[in-house]
Amino acid sequence: MPLIKQFLNRITLHHACCLAFVLMALLLSQAVRGQAQEHAAAELETGEQVPDVTFSTLLHYPSGTASLSDFRGRVVLLQFWATTCGSSLLALPKLEALQQAFGDSLQVITVTSQKREEVETFLANNPIGRRMKLPIVLDNQQLEELFPYNAVPHLVWISPEGRLLAQTGPYDATPATVRRLLRGQEGNFKDHKKDVMDHDYSKLLFHEGNGGSPFPRYRSILTPYVPGLGGGSGKVKTDSTLRLQIVNASVAQLLRASCGLPSYFPEKQIFLTSDKARAHQVHNLVEERQHKNYCYEMLLPAALSDKLYTFMQQDLERLFGLQASVRKRRIDCWELTLLDRAAVPRSAGGEPGHNFTDVSDPDKYMRNESANRLVVFLNKHIPDLPVLDRTGITYPIDLQLSEGDLQDINRLNTRLAAYGLRLQKKKRPLQVLIIQ
């Protein structure tokens, strides 16, 4: 005892408050956990015994109150409904007819979460309401928890022994179903109903599980530029779907893809012919990509694969007010031609390669590569006009250039002449993309 007294004397008011707070938190957490477990357990599964729910407010019933156990020995059919739901109202006369046909063997009870005043207004003024004689349960939270739903009409079937048989839509509310149940047979329900409860209409459908996570059959989305995602495109086809995805692309690049043109189609052969089209042109990628680049994806059923580009063009016209078309047009271009075939040296061999993409090295080379590799490089570095390969060379070649050679066509031609090549300006009919 002396030791206990010494211990108690050492406890300050501050320590006592902290200890009390900890004990209170533990008690509260246990209470919340118990409530959560009770709520989680409230929802019933098919075949389980239904608790004996009391209906404290029951319209169209002599005593004004009742319990589920009062109807033991009958098939009980609960319909959750609302006065504002057309499908619910259409189902009510059918349920009235069922009740009259089966008498004391069946008990139909309607359930609504609406206020008494709203229901009584409906009963007084609506033609269906004026003829309604079925019992109406008002505001019963226990039923809502036992049989959760987010769409009405919602029907709950309970056996004469008080077991949950099924939750369905109104399709199964037929005399044939009731007869089977009264004979102790399976209900053979067709319209099974288990509503998705985590759905919020104010949020994006299926985003972060809102409404579930079904795989869509059709979808198209457009988002702004996404930092860190890089750029590019890809197409994936399965037995059931076709999906096209384009990441961080300009409007012109999206329209190019919508016409079925490859990503390497030269931008010099893309013509923006209206002020609206030119407003989307990217002049400085780093400064403008945030508001001029986009990500786009379209998912289609495989059966609609041939509509991919049509649907994409329609999307882009709606979103940007622009149309794109592929045409043949005579335009100026540079043609890479032969000065002297004999002067074009064949490659000395070795591992094919080039450093055309290395911006840190001013001296460019390609080794054991095709002439088309050179054309692709020149198209990226010679402004304004497209470059075409008209050499006819089919064997690999070696070649060296410098960045200085690219600043002036005459200087570039002087360097190319050492390899038996030259650039000539011509007007040729070429495939172009018109955006307007």
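Everything here concerns the structure above.
All values derive from a computational prediction rather than experimental measurement.

**Q** If you had to explain the sheet that holds strand S5 (residues 106–112) to someone new, which residues and values would you point to?
**A** Spatially, S2-S6-S5-S4-S7-S8 is the arrangement adopted by the six strands of the open sheet, whose pairing is mixed. Bordering the open sheet on either side are strand S2 (58–59) and strand S8 (164–168), each of which pairs with just one other strand. As defined by bridge partners, S2 adjoins strand S6 (residues 136–138) across two bridges and the pair is classed as antiparallel. Pairing of Leu 59 across the sheet is with Ile 136, part of S6. Along the sheet face, helix H3 (residues 86–102) touches strand S4 (75–80) and S5 and points at about 155° away from the line of S5. Each of S4, S5, strand S7 (154–158) and S8 is contacted by helix H7 (residues 175–182), which is oriented at about 25° to S7, the strand it contacts most.

**Q** If you had to explain the packing of aromatic side chains to someone new, which residues and values would you point to?
**A** Inspection of every chain in the model, using the stated rule, returns eight aromatic pairs. An angle of 70° between the planes, with centres 6.0 Å apart, marks the rings of Tyr 61 and Phe 71 as edge-to-face. Here Tyr 61, found in the loop between S2 and strand S3 (66–67), pairs with Phe 71, found in the loop between S3 and S4; they are 10 residues apart in sequence, far enough to count as distant. Looking at Tyr 61, the relative accessible area reads 27%, which means it is partly exposed. Both rings, one in Phe 80 and one in Tyr 149, keep their centres 4.9 Å apart while their planes meet at 45°; by these two values the pair is tilted. Here Phe 80, found in strand S4, pairs with Tyr 149, found in the loop between helix H6 (141–146) and S7; they are 69 residues apart in sequence, far enough to count as distant. An aromatic cluster is built from Phe 80, Phe 147 and Tyr 149, whose rings are joined through pairwise contacts. It is Arg 329 that lies over the ring of Phe 271; its NZ or CZ is 5.4 Å from the centre. The ring of Tyr 395 carries Arg 346 above its face, with NZ or CZ at 4.0 Å from the centroid.

**Q** Would you mind going over the packing of helix H8 (residues 251–258) against helix H11 (residues 308–320) in detail, with residue names and values included?
**A** Packing of H8 against H11 brings their axes to within 9 Å, and their N-to-C directions diverge by 150°. Taken together, the axis directions place H8 and H11 in an arrangement best described as roughly antiparallel. The handedness of the crossing between H8 and H11 comes out as left-handed. For the pair H8 and H11, contact is made by Val 251, Leu 254, Leu 255, Ala 257 and Ser 258 and by Tyr 309, Met 312, Gln 313, Leu 316 and Phe 320, respectively. Split into classes, the residues belonging to the contact of H8 with H11 amount to eight nonpolar, two polar and no charged.

Analysis parameters
Residues numbered from 1 in each chain as written. Predicted model: local features only at pLDDT ≥ 70, side-chain atom pairs only at ≥ 80, totals over all residues. Heavy atoms only, no water. Pairing = 2+ DSSP bridges. Helix = DSSP H or I, 4+ residues; strand = E, 2+ residues; numbered from the N terminus. Contact = heavy atoms within 4.5 Å. Axes fitted to C-alpha atoms, helices over the stretch in contact; angles between N-to-C directions. Phe/Tyr/Trp six-rings, centres within 6.5 Å; stacked < 30°, edge-to-face > 60°. Buried < 20%, exposed > 50% of the residue type's maximum accessible area, 1.4 Å probe, protein only. Lys NZ or Arg CZ within 6 Å of the ring centre and 35° of its normal. Parallel < 35°, antiparallel > 145°, perpendicular 65-115°, else oblique. Left-handed = near helix turned anticlockwise from the far one by under 90°. Nonpolar A, V, L, I, M, F, W, Y, C, P; charged D, E, K, R; others polar.

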